[in-house]
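Report on the structure
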Amino acid sequence: GVGLVMAPGGGHRSLWIMHEGVNPALALNEQGIAVFVLKNRLQSSGYTFDVEGLADMQRAIRVVRSRATEWGVDPAKIGAAGFSAGGELAQLVALRHDVGRPNAADPIDRVSSRPDFQVLIYPGKSHLIQPVPGSPPAFLAAGFDDRPDISTGLAEAYLRFKKAGVQAELHIYANVGHGFGIRPERAGQSQQAWPAQLVSFLRQAKLIPAVAATR
């Protein structure tokens, strides 16, 4: 029943739709998670990530939640995920959302845009990650060799989750930089295991059932 709206990166100028969209979606599908890859508006079209880009992420969450029964998704288990620039959208919607407008003419706008959890994979502008008590729990991942504002910045963001009392899990992978996503040619490398680690995180957060004990 877990659904995930996933925003690819691309510097807000393009969308790296394969290794930060389709490939991760397929990997998570194999783990039983429904993934909805977002094609948000880009700054190269005259839009800004924190207005139109954020609005696209909010709208996507509302759409998935409004059609949860049709798509076999639990409306209380819908997350926001993003890579690099897409991670900026995911982290923003975790802070800037609403419960829906009951009197809106569009039924979809009556639905909450709040994600139930957030997945931030080497997100840009990590200084903008400012969790508050009650923020959605977070899965965080980056490469050791990424830019300091991303690798070190994400570690600092983790401490802010800790201070706010928000459950978070942080993975910093050795000998890897930016943009690892899911790439079949890198199978077996530690950073390619993040989908399985995300599933374990969701299991510990009780968003998916625990594995049955075996003898």
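Details of the structure are given in the entry above.
Quantities reported herein were computed from a predicted structural model and do not represent experimental measurements.

**With respect to the overall build of the chain**
For the chain, the count of helices and strands is 6 helices and 6 strands. Ordering the α and β elements of the chain from the N terminus gives β-α-β-α-α-β-α-β-β-α-β-α. In summary, the chain has a C-alpha radius of gyration of 16 Å against a globular reference of 17 Å for 215 residues, a match within 12%. Within the chain, residue pairs in contact and separated by at least 24 positions form 68% of the contacts whose partners lie at least 6 positions apart. Surface exposure of the chain reaches about 10200 Å², of which carbon and sulfur atoms provide 54%. Distance from the positive charge centre (22 side chains) to the negative charge centre (18 side chains) of the chain: 5 Å.

**Overview of the packing of helix 2 (residues 49-66) against helix 4 (residues 85-95)**
Taken N-terminus to C-terminus, the directions of helix 2 and helix 4 make an angle of 70°; their axes are 9 Å apart at the nearest point. One finds that helix 2 runs roughly perpendicular with respect to helix 4. Packed against helix 2, whose contacting residues are Phe49, Asp50, Gly53, Leu54, Met57, Gln58 and Ile61, the element helix 4 presents Glu88, Leu89, Ala90, Leu92 and Val93 at the interface. Of the residues belonging to the contact of helix 2 with helix 4, the class tally is 8 nonpolar, 2 polar and 2 charged.

**Remarks on the side chain of Glu20**
Topologically, Glu20 is positioned in helix 1 (residues 18-29). For the buried Glu20, no salt bridge exists, and the shortest N-O distance to an oppositely charged side chain is 5.8 Å, to Arg183.

**Things to note about the sheet that holds strand 1 (residues 3-7)**
Each strand in a sheet pairs with its neighbour through backbone hydrogen bonds, running either in the same direction (parallel) or in the opposite one (antiparallel). Here we have 6 strands laid out as an open sheet, ordered 2-1-3-4-5-6, and parallel in their pairing. The two strands at the open ends of the sheet, each matched to only one other strand, are strand 2 (34-37) and strand 6 (168-173). In this sheet, adjacent strand axes meet at a mean angle of 15° when their direction is disregarded. As paired strands, strand 1 and strand 3 (residues 78-83) are joined by 5 bridges and run parallel to one another. Looking across to strand 3, one finds that Leu4 is bridged to Gly79.

**Examining the nonpolar core**
Counting 55 residues, the largest nonpolar core has Leu4, Met57, Ile121, Trp194, Leu198 and Leu202 as the members making the most contacts within it. Top contributing element to this core by residue count: helix 2, with 6 residues. Leaving out residues up to four positions away in the same chain, Ile121 has contacts with Gly82, Phe83, Ser84, Phe139, Ala141, Phe180 and Trp194.

**Side note on unusual backbone geometry**
One non-glycine residue with positive phi stands out, namely Ser84, at about 50°. Judged by relative accessible area, Ser84 falls into the buried class, the value being 13%. Residues other than glycine seldom take positive phi values, yet Lys206 does so here, at roughly 65°. Mapped onto the elements, Lys206 comes out in the segment after helix 6 (194-204).

Basis of the calculations
- Residues numbered from 1 in each chain as written.
- Predicted model: local features only at pLDDT ≥ 70, side-chain atom pairs only at ≥ 80, totals over all residues.
- Heavy atoms only, no water.
- Helix = DSSP H or I, 4+ residues; strand = E, 2+ residues; numbered from the N terminus.
- Rg over C-alpha atoms; globule rule 2.2 N^0.38 Å.
- Contact = heavy atoms within 4.5 Å.
- Areas by Shrake-Rupley, 256 points an atom, 1.4 Å probe, with all protein chains shown as cover.
- Lys, Arg positive; Asp, Glu negative; His and termini not counted.
- Charge placed at Lys NZ, Arg CZ, Asp CG, Glu CD.
- Axes fitted to C-alpha atoms, helices over the stretch in contact; angles between N-to-C directions.
- Parallel < 35°, antiparallel > 145°, perpendicular 65-115°, else oblique.
- Nonpolar A, V, L, I, M, F, W, Y, C, P; charged D, E, K, R; others polar.
- Buried < 20%, exposed > 50% of the residue type's maximum accessible area, 1.4 Å probe, protein only.
- Salt bridge = Lys/Arg side-chain N within 4 Å of Asp/Glu carboxyl O.
- Pairing = 2+ DSSP bridges.
- Core = buried A, V, L, I, M, F, W, Y, C linked by side-chain atoms within 4.5 Å.

So yeah, pure geometry; function would need other evidence.
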